Protein chains: 2
Amino acid sequence: MRGAVLYGAGDVRFEERPDPKIVEPTDAIIKISATCVCGSDLWSYRGVNPISEPTPFGHEYCGIVEEVGGAVKTVRPGQFVIGSFFASDNTCPHCLAGYQSSCQHRVLMGAAQWNMLRVPLADGTLVATPEVPSDDLVASLLTLSDVMGTGWFAADAANVKAGKTVAVVGDGAVGLLAVLSARQMGSERIIAMSRHPARQKLAREFGATDIVVERGDQGVARIKDLTKGIGADAVLECVGTEESMWQAIHASRPGGTMAYVGVPHGVSLDGQALFFSHVRLHGGPAPVRRYLPELIDLVWKRKIDPGKVFDLKLPLDQVAEGYRAMHERRAIKTLLRP
Amino acid sequence: MRGAVLYGAGDVRFEERPDPKIVEPTDAIIKISATCVCGSDLWSYRGVNPISEPTPFGHEYCGIVEEVGGAVKTVRPGQFVIGSFFASDNTCPHCLAGYQSSCQHRVLMGAAQWNMLRVPLADGTLVATPEVPSDDLVASLLTLSDVMGTGWFAADAANVKAGKTVAVVGDGAVGLLAVLSARQMGSERIIAMSRHPARQKLAREFGATDIVVERGDQGVARIKDLTKGIGADAVLECVGTEESMWQAIHASRPGGTMAYVGVPHGVSLDGQALFFSHVRLHGGPAPVRRYLPELIDLVWKRKIDPGKVFDLKLPLDQVAEGYRAMHERRAIKTLLRP
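Residues numbered from 1 in each chain as written. Chains lettered and ligands numbered in written order. Predicted model: local features only at pLDDT ≥ 70, side-chain atom pairs only at ≥ 80, totals over all residues.

**A word on the overall build of chain A**
Move 1: Secondary structure assignment for chain A yields 12 helices and 19 strands.
Move 2: Taking 20 Å as the expected radius of gyration for a compact globule of 338 residues, we find that chain A reaches 19 Å, a close match to that expectation.
Move 3: Taking the principal axes of the C-alpha coordinates as reference, chain A spans close to 60 × 40 × 40 Å.
Move 4: Out of the 338 residues belonging to chain A, those deemed buried represent 58%.
Move 5: A sequence separation of at least 24 residues applies to 69% of the contacts in chain A between residues at least 6 apart. (Helix = DSSP H or I, 4+ residues; strand = E, 2+ residues; numbered from the N terminus. Rg over C-alpha atoms; globule rule 2.2 N^0.38 Å. Buried ≥ 20, exposed ≤ 12 C-beta atoms within 10 Å, placed from the backbone. Contact = placed C-beta atoms within 7 Å.)

**Overview of the relation of the copies chain B and chain A**
Put simply, the second copy of the chain is the first one after a rotation about an axis and a shift along it.
Move 1: Overlaying chain B on chain A yields an RMSD of 0.0 Å, the required transformation being a rotation through 180° with an accompanying axial translation of 0.0 Å. Both chain copies can therefore be described as sitting about a two-fold axis. (Least-squares fit on C-alpha atoms with pLDDT ≥ 70 in both.)

**Concerning the interface of chain B and chain A**
Interface size is often expressed as the accessible area that is lost when the parts come together.
Move 1: Of the residues lining the interface, 29 residues belong to chain B; the matching set on chain A comes to 29 residues.
Move 2: Those elements giving two or more residues to the side of chain B that touches chain A turn out to be helix 2 (93-96), strand 15 (252-260), strand 16 (268-270), helix 10 (271-277) and strand 17 (280-283) of chain B.
Move 3: A breakdown of the residues in the side of chain B that touches chain A according to their chemical character gives 15 nonpolar, 11 polar and three charged.
Move 4: Pairing between strand 16 (residues 268-270) of chain A and strand 16 of chain B: three bridges, direction antiparallel. Across the sheet, the residue bridging to D270 of chain A is S268 of chain B, located in strand 16 of chain B. (Nonpolar A, V, L, I, M, F, W, Y, C, P; charged D, E, K, R; others polar. Pairing = 2+ DSSP bridges.)

**Regarding the nonpolar core**
Move 1: Counting residues in hydrophobic clusters, the biggest one holds 230 residues, and the most contacted among them are V168, V179 and L236 of chain A together with V168, V179 and L236 of chain B.
Move 2: Residues within four places of L236 of chain B in sequence aside, it is in contact with A154, A155, A158, V166, V168, V169, A178 and A259 of chain B. (Core = buried A, V, L, I, M, F, W, Y, C linked by C-beta atoms within 7 Å.)

**Focus: helix 9 (residues 242-251) of chain B**
Along an α-helix, residues three or four apart share an orientation, since each turn contains 3.6 residues.
Move 1: The buried fraction of helix 9 of chain B amounts to eight of the 10 residues, a majority that puts the element mostly inside the structure.
Move 2: Residues of helix 9 of chain B that are buried include every one of S244, M245, W246, Q247, A248, I249, H250 and A251 of chain B, and no others.

**Quick notes on helix 5 (residues 147-157) of chain B**
Residue and element names in this part refer to chain B.
Move 1: Taken across its 11 residues, helix 5 has 11 buried, putting it largely inside the fold.
Move 2: V147, M148, G149, T150, G151, W152, F153, A154, A155, D156 and A157 are the residues of helix 5 that are buried.
Move 3: Looking at the buried residues of helix 5, the elements they touch are helix 4 (138-143), helix 6 (173-184), strand 14 (232-237), strand 15, strand 17 and helix 11 (288-300).
Move 4: Of the residues trailing helix 5, N159 is marked for its positive phi of about 60°.

**With respect to the pairing of strand 18 (residues 312-315) of chain B**
All names here are of chain B.
Move 1: Where strand 18 lies against strand 19 (residues 334-337), four bridges are found, and the strand directions are parallel. In the sheet register, L312 faces strand 19, and the bridge partner there is T334.
Move 2: The parallel pair strand 18 and strand 19, bridged by helix 12 (residues 319-327), forms a crossover whose chirality is right-handed. (Right-handed = clockwise from strand over helix to strand, strands pointing away.)

**Thoughts on the sheet that holds strand 4 (residues 55-56) of chain A**
Adjacent strands of a sheet pair through backbone hydrogen bonds, lying either parallel or antiparallel.
All names here are of chain A.
Move 1: Within the open sheet, the three strands sit side by side as 2-1-4. Their pairing is antiparallel. Looking at strand neighbours, the two that pair on one side only are strand 2 (11-16) and strand 4, the edges of this open sheet.
Move 2: Of the strand pairs in this sheet, strand 1 (residues 2-8) and strand 4 are connected by two bridges, and their pairing is antiparallel. If you follow L6 over to strand 4, its bridge partner there is T55.
Move 3: Relative to the sheet, helix 12 (residues 319-327) contacts strand 1 and strand 2, its axis offset from that of strand 2 by approximately 160°. (Axes fitted to C-alpha atoms, helices over the stretch in contact; angles between N-to-C directions.)

**A word on the domain arrangement of chain A**
Residues and elements named next belong to chain A.
Move 1: Split into domains, chain A comes out as domain 1 (2-146 + 287-337) and domain 2 (151-283).
Move 2: Here the C-alpha centre of domain 2 lies 26 Å away from the C-alpha centre of domain 1.
Move 3: Facing the 14 residues of domain 1 at the interface are 13 residues of domain 2. (Domains from an automatic or database assignment.)

**Structural notes on the sheet that holds strand 1 (residues 2-8) of chain B**
All names here are of chain B.
Move 1: Overall, antiparallel pairing links the three strands, which are arranged 2-1-4 in an open sheet. Taken across any chain shown, the strands that pair with only one partner, and hence form the sheet edges, are strand 2 (11-16) and strand 4 (55-56).
Move 2: Running at roughly 160° to strand 2, helix 12 makes contact with strand 1 and strand 2 of the sheet.

**Comments concerning unusual backbone geometry**
Move 1: Positioned with a positive phi, H278 of chain A is a non-glycine residue whose angle comes to about 65°.
Move 2: Among the secondary structure elements, H278 of chain A is positioned in the loop between helix 10 (271-277) and strand 17 (280-283).
Move 3: The exposure class assigned to H278 of chain A is buried, which follows from the 24 C-beta atoms found within 10 Å.
Move 4: Backbone geometry places N159 of chain B, a non-glycine residue, at a positive phi of 60°.
Move 5: With respect to the helices, strands and loops of the structure, N159 of chain B is situated in the loop between helix 5 and strand 11 (165-169).
Move 6: You can call N159 of chain B partly exposed: it has 15 C-beta atoms within 10 Å.

**Re the environment of L176 of chain B**
Residues and elements named next belong to chain B.
Move 1: Inspection of the secondary structure puts L176 in helix 6.
Move 2: Sequence spacing of L176 and G69 is 107 residues, and the spatial spacing of their C-alpha atoms is 37 Å.
Move 3: If sequence neighbours within four positions are ignored, L176 has contacts with D171, R199, L202, A203, F206 and V309.

**Quick notes on the packing of helix 8 (residues 216-226) of chain B against helix 9 of chain B**
All names here are of chain B.
Move 1: Here helix 8 crosses helix 9 at 25°, and the two axes come no closer than 9 Å. With respect to helix 9, the element helix 8 is oriented roughly parallel. Classified by chirality, the crossing of helix 9 by helix 8 is right-handed. Where helix 8 abuts helix 9, its residues G216, G219, V220 and I223 lie against E243, Q247, H250 and A251.
Move 2: Counted by class, the contact of helix 8 with helix 9 contains three nonpolar, four polar and one charged residues. (Parallel < 35°, antiparallel > 145°, perpendicular 65-115°, else oblique. Left-handed = near helix turned anticlockwise from the far one by under 90°.)

Here is the structure:
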């Protein structure tokens, strides 16, 4: 197989390794149709999360089932499937409660920026599309593996619905898809925080009604201005820094919800400030698996087009340029085709 | 007027001061029927929250309206009333959303361990009982000013309902009344964490089905044992230390809620650990005003008896002993009668 290996900060290489094999009877091997670079990959690419050895990278994937283990019952070779960045059995109590990314047997996926992938717990993890999709649907289907499901979780965790005012902190792919999710869930007032014209434009296409370019305390003040001094009912935090988390908490009204879906880095929340904010918090690694059937249906019926977040499409062997472009914020998100 | 002045750590004195007067036309003056010492008063009594000057103390009260300002419309002299530890207008957007303790015009109450009290924003703050209560109801009605409303908020914020497993961290008055609240809201499985026999007994009277004496990681392990390794659906944190907050977070299942109602002291929450816990957080100063009509009704009809938390009843002039007994954990909560 051929794909991306991260060697250290700023150093991603395209390499060849032996093809993956069925290890457990619950495994599937898939031939990747498309994969991509995640904002969270940049934490490692930038050296914030150091790696100890050269590591096959990537965790977003969709493709055609090549082979399944003897215990796999619900997916079969030839099907087009999508899975989450956490493999899950989908039968344990946490899965049944809808928190598949906290599955008691979860496996964090890696080595997905490749042309072949072994997926553990295939029955619990993979969801097949009605048939093999036309090529123009692949980008949108790929987003369901992580960023679209994550934006959707943010909106769901913040209890977004018709009549609610929503603010979104972060204009990366997840933030933009959180805007799309809030719109899809019926919110009429969606405030996107962004200072990048191309991202502002996409936010508006996805349903943002207001754009706030200020950050920090000034950004909070602007959101208060836009909400008659009250604050937003729901704030979707899609970054993961301490500044962005407080910005999100302070932009929320008392009794509102701050949903956070960017993995926090160097974040420490003062308990007393949180207490007096009166804001509800919910977040964590998105249980993308919970939403796959519903989101596949929305994409299949062309009701949503989350694939628009890919503003750079490269062949997989140019993965290094894909990382660079996102690192330098020249691209929102890079699609890679083997 | 006569009442409690805190001079510094361990030093509460009973003193005389000029009677309170109507200052704003929205004020009321009430003659206190009963007041009490709060667990949160101990933060100051123990010197954790230092005070800068001798301070009239206390924030829990009920009594008979003596006089009202010219703008007061809904309460009148002679009525028996209860108010929250935050005065609120009950008309601002935060109040209308049920977060009266974040009222845009809130006033933190003080000087309630006295025989007379000025209450600002009387129309928004005070709720009258159907008539002047018989003396045996006064203790339970007094708890609605803070501890009962706070325990109720914890259970409400954690979305407690029939069929849910609830754990309560903290066996002070608020923790014990959180047990009572969870029972009243229909929870059949209520795990109280306590190592004090007298408090365990009261927890069982209030509806606890299980007692866990272990703390920290061992306490968490015990709750996991009791819930088939899953964790509780709702954990009510009624202490406010970093240890108790993590104990509560880790005792909760992914997707469960940790409600925290003890003012956090020296608490700093690691964002990444919180993220991967998948636990919902909600808390803050309880919007006691929201619950007053419902809770007065429950006490009036003798469906709940939260006044049982007072295991020490003293005349107001012995307030110093009331603090000492709670500080030394000889008493759960001290009732004071002027």
